[in-house]
Amino acid sequence: MKNLLLTLLALGATLAAGAETPEPTASEPEGYRFTDIEVIETTPVKDQSRSGTCWCYSTLSFLESEILKAGGAPIHLSEMWIVRHSFMDKAEKYIRMHGKINFAEGGASHDVTEGIKAHGIVPFEVYEGFNYGTEKADFHELTPVLTTYLDAVLAANAKSGKPLSTAWKRGFEALLDAYFGERPETFVYEGREYTPQSFAASLPIDMEDYVDITSFTHHPFYTKFVLEIPDNWMWGASYNLPLDELMASIDHALANGYTVAWGTDVSEKGFSRTKAIGIVPEADTESMSGTEAERWGKLTEREREAALYKFDKPGKERTITQQMRQEAFDNFETTDDHGMVIVGTAKDQAGNDYFKVLNSWNDLPPYGGHWYFSRPFVAYKTTSVMLNKHALPKEIAKKLGLK
């Protein structure tokens, strides 16, 4: 069965690598047509459904591809195992911080690797974590319940002036058991008995190999700093690189068969949910005729935006600078609102470069749960990436003091 799965995955990757979107008919808009250049083997697209846990789905998909690269068998690791433990860890910090820290569904890639170090990991079939009557994640009730409980503990303490009871953690764990299910201390997987810790140790990957990298000027380059985003409740640190070296690191990883866990902002007008594309368009006034340029100059801002974001065909995109990235971050135009996995490269029909990305919004059309993001979009809107430190170019790893 394992060999069959590996064969099917490899065949799927081979077919995907040569995939090309069809030519439009004469009556259709030109649209975007992508040809995949290189696509790295991954496990299937997942569905985070009604939960803000993209950080977990994306990072575990990233780690599953790392397992495949290391020669391991295809596996679906339990997202809710990590999410459940993360909620408890967040709760302890939330209480210690008197409620003055983010307690929400969001997180970051290092929540997963640090979670595996602390709590181990189990396969999805051992701990699905949907103990509330649905087949997929649905946090519409869970998160308000957990938050209300913690706020009630803090309010009772503030009102009474007494120490926290010894029961609040047990009460919170009981809520987690109710919604996620009780955690197995041991389990049998493919004929062998494991604990969560021993199963994590059996995987052919090392959590110490994974590093977070970002690129901002409000901290020195080639140092580590805590990225100031609300979902970084763990206060995990990222290595800071100049933009060109961040992009070079992504390129080098992909060229050597490593996927990249990608944190980004998908609130942009250039992000289309229906077309599964991310771009940063700019008006190509230089190629306009005099009449066209005059007409463009008379358009309102809304009309210009409508023309830029029609997604009817490839066009000119903005040239992204380090300063643009920083200004967008400082002005809250770039926020940390989604995590995906960069799994390959592609070109559109005009020869422009894109990254192929694995999303966690189910295997929906037009690309079966995959998306295409232009290089300018990734350069502009990346908050951070996680990758295997061995995937870094040697000269960059040396600058960061990594071996």
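J.: I'd like a description of the environment of Phe-377, backed by residues and values.
T.: Relative to the helices and strands, Phe-377 is located in helix α12 (residues 375-381). Using a relative accessible area of 0% as the deciding quantity, one classes Phe-377 as buried. Spatially, the C-alpha atoms of Phe-377 and Ala-328 are 12 Å apart, while their sequence positions differ by 49 residues. Once residues within four sequence positions are removed from consideration, Phe-377 is found in contact with Trp-262, Thr-264, Asp-265, Glu-268, Gly-270, Phe-271, Gly-278, Ile-279, Val-280 and Thr-382.

J.: Summarise unusual backbone geometry; cite the residues concerned and give the values.
T.: Cis rather than trans, the peptide bond between Pro-365 and Pro-366 has omega equal to 10 degrees. Positionally, Pro-366 belongs in the loop between β11 (353-358) and β12 (370-374). For Glu-190, which is not glycine, the phi torsion reads 50 degrees and is therefore positive. By secondary structure assignment, the location of Glu-190 is in the loop between β2 (187-189) and β3 (192-194). If you check the backbone angles, Phe-311 has positive phi at about 55 degrees while not being a glycine. Its place among the elements puts Phe-311 in the loop between α10 (301-308) and α11 (322-330).

J.: Explain a nonpolar patch on the surface to me, and be specific about the residues and the numbers.
T.: A cluster of nonpolar side chains, namely Met-97, Val-226 and Trp-235, defines an oily patch on the protein surface of about 250 Å² accessible area. Mapped onto the secondary structure, Trp-235 falls in the loop between β5 (224-226) and β6 (237-240). Taking relative accessible area as the criterion, Trp-235 reaches 43% and is therefore assigned partly exposed.

J.: Which residues make up the packing of helix α5 (residues 142-160) against helix α6 (residues 168-180), and what values go with them?
T.: Contact pair α5 / α6: the axes reach a minimum separation of 11 Å and the direction vectors enclose 175 degrees. The angle between α5 and α6 falls in the class roughly antiparallel. Taken together, the residues of α6 that come into contact with α5 (itself represented by Leu-142, Val-145, Leu-146, Tyr-149, Leu-150 and Val-153) are Trp-168, Gly-171, Phe-172, Leu-175, Leu-176, Tyr-179 and Phe-180.

J.: Tell me about the side chain of Asn-232, and name the residues and values.
T.: Examined against the element boundaries, Asn-232 turns out to sit in the loop between β5 and β6. For Asn-232, the contacting residues outside a window of four places in its chain are His-110, Val-226 and Leu-227.

J.: Describe in detail α6, supporting the description with residues and values.
T.: With 13 residues, α6 extends 18 Å from end C-alpha to end C-alpha; this agrees with the ideal 18 Å at 1.5 Å per step. Along α6, the residues that are buried comprise Trp-168, Phe-172, Leu-175, Leu-176, Tyr-179 and Phe-180. Looking down the long axis of α6, one finds its buried residues gathered within 110 degrees of arc, a one-sided arrangement. Residues of α6 that are buried in the fold lie against α3 (79-96) and α5. Backbone geometry just after α6 places Gly-181 at a positive phi near 100 degrees.

J.: Now, about the state of the cysteines: what can you tell me, with residues and values included?
T.: Summed over the entire model, instances satisfying the criterion amount to 0 disulfides. For Cys-56, which is in no disulfide, the shortest distance to another cysteine sulfur is to Cys-54 and amounts to 9.7 Å. Looking at Cys-56, the relative accessible area reads 0%, which means it is buried.

J.: Provide a residue-level description of the pairing of β11, including the pertinent values.
T.: Extensive coverage of β11 is indicated by the burial of 5 of its 6 residues. As judged from the 6 bridges shared by strand β10 (residues 338-348) and β11, these two strands associate in the antiparallel manner. Bridging from a neighbouring strand, Lys-347 pairs with Asp-353 of β11. Between β10 and the antiparallel strand that follows it, β11, lie 4 residues; Gly-351 among them carries a positive phi value of about 90 degrees. Note: β11 against β12, 5 bridges, orientation antiparallel. Considered in β12, the bridge of Leu-358 is made with His-370.

J.: If you had to explain α5 to someone new, which residues and values would you point to?
T.: Helix length check: α5 (19 residues) gives 27 Å between terminal C-alpha atoms against 27 Å at 1.5 Å per residue, within 8%. Among all positions of α5, only Leu-142, Thr-143, Leu-146, Thr-147, Leu-150, Val-153 and Leu-154 are buried. Taken around the axis of α5, the buried residues stretch over an arc of 125 degrees, which confines them to a single face. In α5, those exposed residues whose orientation departs by more than 90 degrees from the buried face are Thr-148 and Lys-159. Those residues of α5 hidden inside the fold are in contact with α3 and α6. Note on α5: the residue one or two positions beyond its end, Gly-161, has a positive phi of about 75 degrees.

J.: For the packing of α3 against α5, give the residues involved together with the corresponding values.
T.: Interaxial distance between α3 and α5 falls to 11 Å at its minimum, and their mutual angle equals 30 degrees. Relative to α5, the element α3 is oriented roughly parallel. For the crossing formed where α3 meets α5, the hand is right-handed. Residues Phe-87, Ala-91, Tyr-94 and Ile-95 of α3 pack against Leu-142, Thr-143, Leu-146, Leu-150, Asp-151, Val-153 and Leu-154 of α5. By residue class, the composition of the contact of α3 with α5 is 9 nonpolar, 1 polar and 1 charged.

J.: How would you sum up the confidence of the model for the protein chain? Please name residues and give values.
T.: Parts of the model with low pLDDT should not have their predicted coordinates read in detail. Here the protein chain shows a mean pLDDT of 92. Residues at 70 or above account for 90%. Here residues 1-18 scores under 50 on pLDDT; set against residues more than four positions off or in separate chains, the count is 21 contacts.

J.: Describe the packing of aromatic side chains, with residues and values.
T.: Overall, the coordinates contain 29 aromatic pairs when judged by the stated rule. Arranged with centres 6.2 Å apart and planes meeting at 45 degrees, the rings of Phe-87 and Phe-180 form a pair that is tilted. Linking Phe-87 in helix α3 with Phe-180 in helix α6, this pair joins segments that are 93 residues apart in sequence. Taking the relative accessible area as the measure of exposure, Phe-87 reaches 1% and is therefore buried. Given the relative accessible area of 2%, Phe-180 is considered buried. One aromatic cluster is present, formed by Phe-87, Tyr-94, Phe-103, Phe-139, Tyr-149, Phe-172 and Phe-180 through successive ring pairs. Over the face of the ring belonging to Phe-216 we find Arg-325, whose NZ or CZ atom lies 4.5 Å from the ring centre. Directly above the ring of Tyr-380 sits Lys-381, whose terminal nitrogen or CZ lies 4.4 Å from the centroid.

Rules used in this analysis
- Residues numbered from 1 in each chain as written.
- Predicted model: local features only at pLDDT ≥ 70, side-chain atom pairs only at ≥ 80, totals over all residues.
- Heavy atoms only, no water.
- Helix = DSSP H or I, 4+ residues; strand = E, 2+ residues; numbered from the N terminus.
- Buried < 20%, exposed > 50% of the residue type's maximum accessible area, 1.4 Å probe, protein only.
- Contact = heavy atoms within 4.5 Å.
- Patch = residues over 30% accessible without salt bridge, like charges linked within 9 Å, V, L, I, M, F, W, Y side chains within 5 Å.
- Areas by Shrake-Rupley, 256 points an atom, 1.4 Å probe, with all protein chains shown as cover.
- Salt bridge = Lys/Arg side-chain N within 4 Å of Asp/Glu carboxyl O.
- Axes fitted to C-alpha atoms, helices over the stretch in contact; angles between N-to-C directions.
- Parallel < 35°, antiparallel > 145°, perpendicular 65-115°, else oblique.
- Expected span 1.5 Å × (residues − 1).
- Arc of directions from axis to C-beta.
- Disulfide = S-S within 2.5 Å.
- Pairing = 2+ DSSP bridges.
- Left-handed = near helix turned anticlockwise from the far one by under 90°.
- Nonpolar A, V, L, I, M, F, W, Y, C, P; charged D, E, K, R; others polar.
- pLDDT = per-residue confidence, 0-100.
- Phe/Tyr/Trp six-rings, centres within 6.5 Å; stacked < 30°, edge-to-face > 60°.
- Lys NZ or Arg CZ within 6 Å of the ring centre and 35° of its normal.

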